[in-house]
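Below, each chain spelled out in residue letters.
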Amino acid sequence: MPRSLAGDLTDPEMAQPYMKKDDDESEIEYSPFFGIEKGAVLQEARAFHDPQLDARRCSQVITKLLYLINQGETFTKVEATEVFFAVTKLFQSNDAGLRRMVYLIIKELSPSSDEVFIVTSSLMKDMNSKTDMYRANAIRVLCRIIDGNLLTQIERYLKQAIVDKNPVVSSAALVSGIHLLQANPEIVKRWSNEVQEAVQSRAALVQFHGLALLHQTRQNDRLAVSKLVSSLTRGSVRSPLAQCLLIRYTSQVIRESSTNTQNGDRPFFDYLESCLRHKAEMVILEAARKITEMDVTSRELAPAITVLQLFLSSSKPVLRFAAVRTLNKVAITRPLAVTNCNVDLETLMSDQNRSIATLAITTLLKTGNESSVDRLMKQITSFMSDIADEFKIVVVEAIRSLCLKFPLKYRSMMIFLSNSLREEGGFEYKKAIVDAIVTLISAIPDAKEIGLLHLCEFIEDCEFTYLSSQILHFLGNEGPRTSDPSRYIRYIYNRVILENSTVRASAVSTLAKFGALVEGLKPRIFVLLRRCLFDTDDEVRDRATLYLQTLNGEVAVGNTEKDVNEFLFGSFDVPLANLEASLRTYEPSEEPFDISLVSREAKSQPLQDKKAPGKKPPAGVPPPAPVSAVDAYQKMLSSIAEFSGFGRLFKSSEPVELTEAETEYAVNVVKHIYESHVVLQYNCTNTIPEQLLQDVTVYVDATDAEEFSEVCLKSLKTLAYDSPGQIFVAFEKPGRVPATCKFSNVLKFTVKEVDTSSGEVDDDGVEDEYQIEDLEIVSADYMLRVAVSNFRNAWENMDPESERVDEYGLGVRESLAEAVSAVTSILGMQPCEGTEVVPSNARSHVCLLSGVFIGDVKVLVRLSFGLSGPKEVAMKLAVRSDDPEVSDKIHEIVASG
Amino acid sequence: MGEFSKESCPSVKNILLLDSEGKRVAVKYFSDDWPNNSSKLTFEKSIFTKTLKTNARSEAEITLFDGYIVVYKFVHDLHFFVTAGDDENELIIANVLQGFADSVGLLLRGDVEKRTALENLDLILLCIDEIIDGGIILETDANTIAGKVATNAADGSVPFSEQTISQALATAREHFARSLLK
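Residues numbered from 1 in each chain as written. Chains lettered and ligands numbered in written order. Predicted model: local features only at pLDDT ≥ 70, side-chain atom pairs only at ≥ 80, totals over all residues. Heavy atoms only, no water.

Okay, the pairing of strand S14 (residues 844-853) of chain A next. Every regular strand shows the same layout, with side chains that alternate between the two sheet faces. Residues and elements named next belong to chain A. With eight of 10 residues buried, S14 lies mostly within the body of the structure. Pairing of strand S11 (residues 783-784) with S14, which is carried by two bridges, proceeds in the antiparallel orientation. Across the sheet, residue Met783 finds its bridge partner in S14, namely Phe853. With two bridges connecting them, strand S13 (residues 830-831) and S14 associate as antiparallel partners. Considered in S14, the bridge of Pro831 is made with Leu849. Pairing geometry for S14 and strand S15 (residues 857-868), over 10 bridges, is antiparallel. Bridge pairing links Cys847 to Leu863 in S15. From the end of S14 to the start of S15, which pair antiparallel, there are three residues, and Gly855 there has a positive phi angle of about 95 degrees. (Buried < 20%, exposed > 50% of the residue type's maximum accessible area, 1.4 Å probe, protein only. Helix = DSSP H or I, 4+ residues; strand = E, 2+ residues; numbered from the N terminus. Pairing = 2+ DSSP bridges.)

So, in C-alpha cells, the structure goes:
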C-alpha cells in the first residue's frame, strides 16, 4: 500500500466535507491540500519551535510550505525569514526524513547572505557526518547558499568529498563544484587533482560529473582540452553520459585544430566514428550529430547517415524525431547525402507525431529532385488538412525554397499555395502563403500573372485587413506591368465597394497607380476614382481627390508626368525620425515647410534633439554641441550673409578633431558640403585661463588642392578662455564633382596676457601661430547615408542602363567582415537589410548599400565578396544610380580608395 | 540559477508534473527563461494543450515547442514533462524523463495517479531533487533515485525494487539508530 498521508495532512482546521464519507463522492476532486491557506500554514510552522519536536508533523508542515511555493505562492521577506529561522531549529531533530525536508526547504527559501550563518555550522557538521546521505545533501545545500569567504573555509572538506568512496557524495561535491565555478573559479580550479581522480572513478555518474567539471575548469586552455581528449578517447570512459561529453569535447578539438592544419587530417575522427557503433543510443546519436555538423567528406559522412537512417524506423518516437531532425539539418547544406533516406522519410510523413511528420516533409522538400516534385506535392496536400497551423507554415516556407530551386515546377506549387489560401487558417499561416506567392512572383517571371490572379481571388474573400492592404499595394506595383492590366481592375474596385475603410483607401491608391502607369486605362480609372469622392471615410475621399487632381494635371507637381508619378508613388526616402524632428522645430510663418531641406541622412544614434520645443538657439550663434540634425547647421549657415548664396546644404560631416585632447587650444572641424562650395567650420576653444586670443584666423594651405579656391574667410575677433568660437573658411569647387584634397592648417592669432585675479587684459599682444593637423576632404563626404526599405525593389526600379559592374582584388585582408566595412566606409553609404553583418566562417558575402550622391543622385550598390585562397579577398561591385556618370564615379572612388 | 553553455554539459530547463487538466502537481524550473510565476504558468498551459491529444502512454513522445525540446509521457491522470534547449541531445533528455516517471512509479508502488501523488508530495519533490541539481543531471536510474528518496540512505545496500517501502523505512531507521549509537 502506498503510504497515505491523507489523514495527517488534512488537519481538523482545514477539514473538508468530502473526506471519505462515501466512496462515490471521491469522484469530486479530492486533494489532501484542499482549502490550504498560507496564513494557516505559517501558523502551523510554529510547531518548529516546540521543545519536543514532532518530526512527522514538522515534515508535513514543510511539505505544505513546499506545496504552496510550488503552486506559485510567494512569501514576503519577513515571512520567509521567519520560516527560515524556524526551520533552522529542526536541526536538533535526528529524524532522517525530516532532515531531508529541511534541506529541501532551505534551498527553496534561498536565505540571504546575512541569514546563512545560522545554518552553516549545522550543515558543516552534516557534511562531515558518518551518514552518506547527510554528507551528500549537506554539500549540495551549503554550496548553494554560501559565498566565497565561507567557501575557503570548507574547501578542504569538499576536496575530500570529491574522492569520497561513496559515489553519491562524490557526485554531490562535483556538481556543486560546477555551480561554484562561475562565481569562484580560482578556488574550484585548485581541486584539479581530486577531479582528475574522479574522472577515473568506476562509478558511471561520478565519471560524468568529474569530466564535466574538469572540462569547465580548462575550457579556455585549448592544449589542456586536447590533452584531456587524447588521454580519454583511448577507452577508459564507461558511462554513456560521460561518453557524450567526450564526443562534444572531441568535436570541439577537431573543429579548432582543422583551422590550423590544412592537410585534412583529423586526429580524433576515428574515435567519433567508433562511437557510431556504441551500444547506447544516446552516444550513437551524439556522435552522428557531431559528424554531420563537421566539414567532412561524403565518405566520412556516410556511416553517420546510415545510423540515423536506422533510427528513422525505430519504434521510439524520440529516436525517430532526433534522427529526422538531424537529417533535416544535413539536407540544408548537403541534400545529396540524405537522398538515400527518402523512402524512410516518405513513410514518416504519416507519423502519428506531427513534429516528426513535418520534419520528414520539409527534409523531403529539400532533398527531392525535379522529377519527384509533383508526386511530393500530391502527398503533402492530403497531409496538410490534419496538421496545426504552425507546422503548415514550416511546410509553406519549405515549398517556397523548393520552388526557387526548381522554377520550372512553379505551376504545381502555385496551385498548391492557392488551394491552401482557400482553406481555413489563421493570420500567420495566410501571411506565410501570401509571402511565398509574392516571393515566387518576384523571382519567376512566368509565375507572375497566375500568381497575381490567385492573390486577386484571395482578397475577394479575405478577412484580414492587413493582408488585403499588402496585396493591393503589391498589385499596384506589379499589375500595371502585366500584359493585360485591365483584368485586375474589377477585383480592385470590388474592394472599394465591399470593404472597410482601410482596405478601401488602399484600393484607391492601387487604382490610381494603374491610372498613372497605363495610359489606356486612365479615363476609366478616373470614372472609378470620381465615385470614391463620395465615400463615407475622409481618408478614402482625400486620397481620391489627391490622385484625381494631380493625375489630371489640375494641380501642378513638377514639370513632367514623371515628376507627378515620382511625387505620388516614389519611395519616401526621408527618414521619419528626421522629418519629425524638422517639423518640431518648424515655426509657422510665411515660408512654407520645405521637405527637401530635411536631412536624408540616416542617423545611427538616437536624435539628441530633446530640447524643449520653442527653446531655439538664437540666430547667428551655433548650437553649443554639434547637434546631429543637419538643419541646425543649415539654419546657422544661411544666416551668414557670405554663405547664403551657396544654395542648399547637402551634407555636414561629424566633427573631426584637429588637435590632441588636453592641448592649449582645442580645434575640431565640421565639413559642410554644398553643390559647388565647401565650408569648413573650425570650432576653437582656448583652454588657458591666462590668455586672451585676438584676431584668430586659420591659414589654410590649399596648394595641393588645385580644384579648390578660397572665396571667403570669417575670422574671430576674440577667443576668451573656455568660450568656444567659430572660424569659417569657404571654398569654391567644381559643381557635382567629388573633388578630394588635403589641406594643411595653421591657427594664427595675437596672444594677450590676462591677470586671472583681476581679469585685466594686458595691452601688448604677441603674434603667434599654432600648428594643427591636416584635414582631408574624401569621397564619402559627398555621399549621404540614406537607407531604402526594399533594396530589391529599389534596385529593379533603377535603369539597368545605368549599371556599371567591375571586379576588384582587395589583396590579403584580416577577414571578410573587415573588407566589407572598409569598402562601406570608403563609399560612405548606408548598408541595407542588415547585410553589413558577415556570418563568421562565411566564404562569400553580399552587401547592399544605398546612398544619395551630391547633386541628389540616388545610388545603389551591390558588393559581392569572396575569399580566394586563405585571406585573399576579391570583390565584384555593381552600381546603379539615377545618373550613369555617377555610377562611373563610384567605381573611380573604389579604384582609387 | 546557473545556466551552462551547450558545449559543456547537458542541461535541463525544467521538470513538470501536471494533472489531467494541466494543473500543477509538482514543478521545478532550473532556468531564468521563465522569470516569474505567470510566465511559468503560460508555458505549462501551452505545452499541456499542445500535447494533450497525443498518445504518450506506451512510449515517451517529443515535440519542438517555442524553441525548446520537450519530452513527455502520460501515466493515468499524470503528465510528465522534461524541457531542454533545442540543441540538446533528445535521448539524454528522454533518459531523464524515463528516470523521473519510473522512479515516481516505484515510489508510489505503481499507483501512479494524481491523488496518490499529492498524498506523497514530499516523495515527489525529493525525487525531483535527486534527479536534477540546478539543471545538471544527478542521476537517471529509477531504482537508484527511488532508493535514495525512500530509504533516505545513499548507500542503500538492498536494491529498492526488492524491498517494500515500510521495509525500506525500517532499514533507514535502523541504519540511523546504529549511527547514533556509535
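The rest of the description comes next.
Another point: the sheet that holds strand S5 (residues 78-85) of chain B. All names here are of chain B. Read across the open sheet, the five strands follow the order S2-S1-S5-S4-S3; overall the sheet is antiparallel. Of all strands in the sheet, those bounded by a partner on one side alone are strand S2 (24-29) and strand S3 (61-65). Recorded for the sheet is a direction-independent mean angle of 15 degrees between the axes of neighbouring strands. Pairing geometry for strand S4 (residues 68-75) and S5, over eight bridges, is antiparallel. When the bridges of S5 are listed, Tyr72 appears paired with Phe81. (Axes fitted to C-alpha atoms, helices over the stretch in contact; angles between N-to-C directions.)

This part covers the state of the cysteines. Residues and elements named next belong to chain A. Taken as a whole and assessed by the stated rule, the structure comprises zero disulfides over all chains. Here Cys275 is not disulfide-linked; the sulfur of Cys244 is the nearest cysteine sulfur, at 8.6 Å. For Cys275, a relative accessible area of 1% translates into the label buried. (Disulfide = S-S within 2.5 Å.)

All names here are of chain A. In this model, chain A carries a mean pLDDT of 83, and residues with pLDDT of at least 70 account for 90%. Averaged over each element, pLDDT in chain A is lowest for helix H1 (residues 6-9) (44) and highest for helix H16 (residues 281-293) (94). Considering only residues more than four positions removed or in separate chains, one finds that residues 1-27, a stretch of pLDDT under 50, has 40 contacts. The low-confidence segment residues 604-628, where pLDDT is below 50, has 23 contacts with residues more than four positions distant or belonging to other chains. (pLDDT = per-residue confidence, 0-100. Contact = heavy atoms within 4.5 Å.)

Our focus in this paragraph is the sheet that holds strand S10 (residues 761-777) of chain A. All names here are of chain A. The strand order across the open sheet built from four strands is S7-S5-S9-S10, with neighbouring strands paired in antiparallel fashion. Taken across any chain shown, the strands that pair with only one partner, and hence form the sheet edges, are strand S7 (716-719) and S10. On average, each strand axis in the sheet is tilted by 25 degrees relative to the strand beside it, whichever way the strands run. For strand S5 (residues 691-701) and strand S9 (residues 741-754), the ladder comprises nine bridges, and the chain directions are antiparallel. In the strand pairing of S9, Asp701 is matched with Ser744.

Moving on, we come to the packing of helix H29 (residues 501-517) of chain A against helix H31 (residues 538-552) of chain A. Residues and elements named next belong to chain A. At a closest axis distance of 8 Å, the pairing of H29 and H31 adopts a crossing angle of 10 degrees. By the angle between their directions, the pair H29 and H31 is classed as roughly parallel. Note on element contacts: H31 touches H29 through Glu539, Val540, Arg543, Ala544, Tyr547 and Leu551, opposite Ser501, Arg504, Ala505, Ser506, Val508, Ser509, Ala512 and Ala516. Grouping the constituent residues of the contact of H29 with H31 by class yields eight nonpolar, three polar and three charged. (Parallel < 35°, antiparallel > 145°, perpendicular 65-115°, else oblique. Nonpolar A, V, L, I, M, F, W, Y, C, P; charged D, E, K, R; others polar.)

On the chain B side, the residues contacting the 72 residues of chain A number 65 residues. Buried area between chain A and chain B, summed over both chains or domains, comes out near 5900 Å², and the portion from carbon and sulfur atoms is 55%. For the interface between chain A and chain B, the tally reads 11 salt bridges. Its salt-bridge partner being Glu88(B), residue Arg248(A) comes within 2.7 Å of it at the nearest N-O pair. Along the contact surface separating chain A from chain B lie 22 residue pairs in polar contact (both at pLDDT 80 or more). In terms of residue class, the side of chain A that touches chain B is made up of 32 nonpolar, 22 polar and 18 charged. (Buried area = accessible area lost by both parts, 1.4 Å probe. Salt bridge = Lys/Arg side-chain N within 4 Å of Asp/Glu carboxyl O. Polar contact = N/O pair within 3.5 Å; in protein donor to acceptor, adjacent residues only side chain to side chain.)

All right, on to the packing of H29(A) against helix H30 (residues 522-532) of chain A then. Residues and elements named next belong to chain A. Two elements in contact, H29 and H30, have axes separated by 9 Å at closest approach and are oriented at 160 degrees. Judged by the angle between their axes, H29 and H30 are roughly antiparallel. Crossing hand, H29 versus H30: left-handed. Of H30, the residues touching H29 (which contributes Val508, Leu511, Ala512, Phe514 and Gly515) are Lys522, Ile525, Leu528, Leu529 and Cys532. Looking at the contact of H29 with H30 residue by residue, the class counts come to eight nonpolar, one polar and one charged. (Left-handed = near helix turned anticlockwise from the far one by under 90°.)

As a further point, take the environment of Leu784(A). All names here are of chain A. Within the secondary structure, Leu784 is located in strand S11. A residue is classified by how much of its surface remains accessible, and Leu784, at 5% relative accessible area, is buried. As a C-alpha pair, Leu784 and Asp856 span 72 residues in sequence and 9.1 Å in three-dimensional space.

Let's shift gears to the side chain of Glu88(B). Here Glu88(B) is to be found in the loop between S5 and helix H2 (90-107). Classification of Glu88(B) by relative accessible area gives buried; the value is 5%. Among residues more than four places away in sequence, those in contact with Glu88(B) are Arg248(A), Arg289(A), Arg325(A), Cys9(B), Pro10(B), Ser11(B), Ile69(B) and Ile93(B).

Time to look at a negative patch on the surface. Residues and elements named next belong to chain A. On the surface, Glu690, Glu753, Asp762, Asp763 and Asp764 cluster together to form a negatively charged patch. At three residues, the largest contribution of residues to the negative patch is made by S10. If you trace the backbone, Glu690 turns up in the loop between strand S4 (677-686) and S5. In this structure Glu690 comes out as partly exposed when scored by relative accessible area, which is 38%. (Patch = residues over 30% accessible without salt bridge, like charges linked within 9 Å, V, L, I, M, F, W, Y side chains within 5 Å. Areas by Shrake-Rupley, 256 points an atom, 1.4 Å probe, with all protein chains shown as cover. Lys, Arg positive; Asp, Glu negative; His and termini not counted. Charge placed at Lys NZ, Arg CZ, Asp CG, Glu CD.)

Moving on: the packing of aromatic side chains. Counted under the stated rule, the structure contains 23 aromatic pairs over all chains. Here Phe33(A) and Tyr67(A) contribute two aromatic rings whose centre-to-centre distance is 3.9 Å and whose plane-to-plane angle is 10 degrees, an arrangement assigned as stacked. Here Phe33(A) is found in the loop between H1 and helix H2 (38-44), whereas its partner Tyr67(A) is found in helix H3 (residues 55-70), with 34 residues between them in sequence. Measuring from centroid to centroid gives 5.9 Å for Phe84(A) and Phe85(A), while their planes differ by 70 degrees, and the two rings are edge-to-face. The exposure class assigned to Phe84(A) is buried, which follows from its relative accessible area of 1%. Ring-pair connections join several aromatic residues into one group, and the members of that group are Tyr29(B), Trp34(B), Phe43(B), Phe65(B) and Tyr68(B). (Phe/Tyr/Trp six-rings, centres within 6.5 Å; stacked < 30°, edge-to-face > 60°.)

Residues and elements named next belong to chain A. Taken together, the 10 bridges between S15 and strand S16 (residues 872-881) define a ladder with antiparallel strand orientation. Looking at the pairing, Ser864 lines up with Lys876 of S16. Linking two consecutive strands that pair antiparallel, namely S15 and S16, is a turn of three residues; a positive phi of about 75 degrees is found at Gly869 within it.

Inspection of the entire model under this criterion finds 43 salt bridges over all chains. The closest approach of N and O atoms between Lys28(B) and Glu108(A), which form a salt bridge, is 2.8 Å. Residue Lys28(B) is found in strand S2, and its partner Glu108(A) is found in helix H5 (residues 96-109); the two belong to separate chains. Judged by its relative accessible area of 27%, Lys28(B) is partly exposed. Classification of Glu108(A) by relative accessible area gives partly exposed; the value is 29%. When the shortest N-O distance is used, the salt bridge between Asp33(B) and Lys13(B) registers 3.2 Å. Taken together, the positions of Asp33(B) in the loop between S2 and helix H1 (37-51) and Lys13(B) in strand S1 (residues 12-19) put the pair 20 residues apart, joining distant regions of the chain. In this structure Asp33(B) comes out as partly exposed when scored by relative accessible area, which is 33%. Lys13(B) gets classed as buried once you look at its relative accessible area, which sits at 14%.

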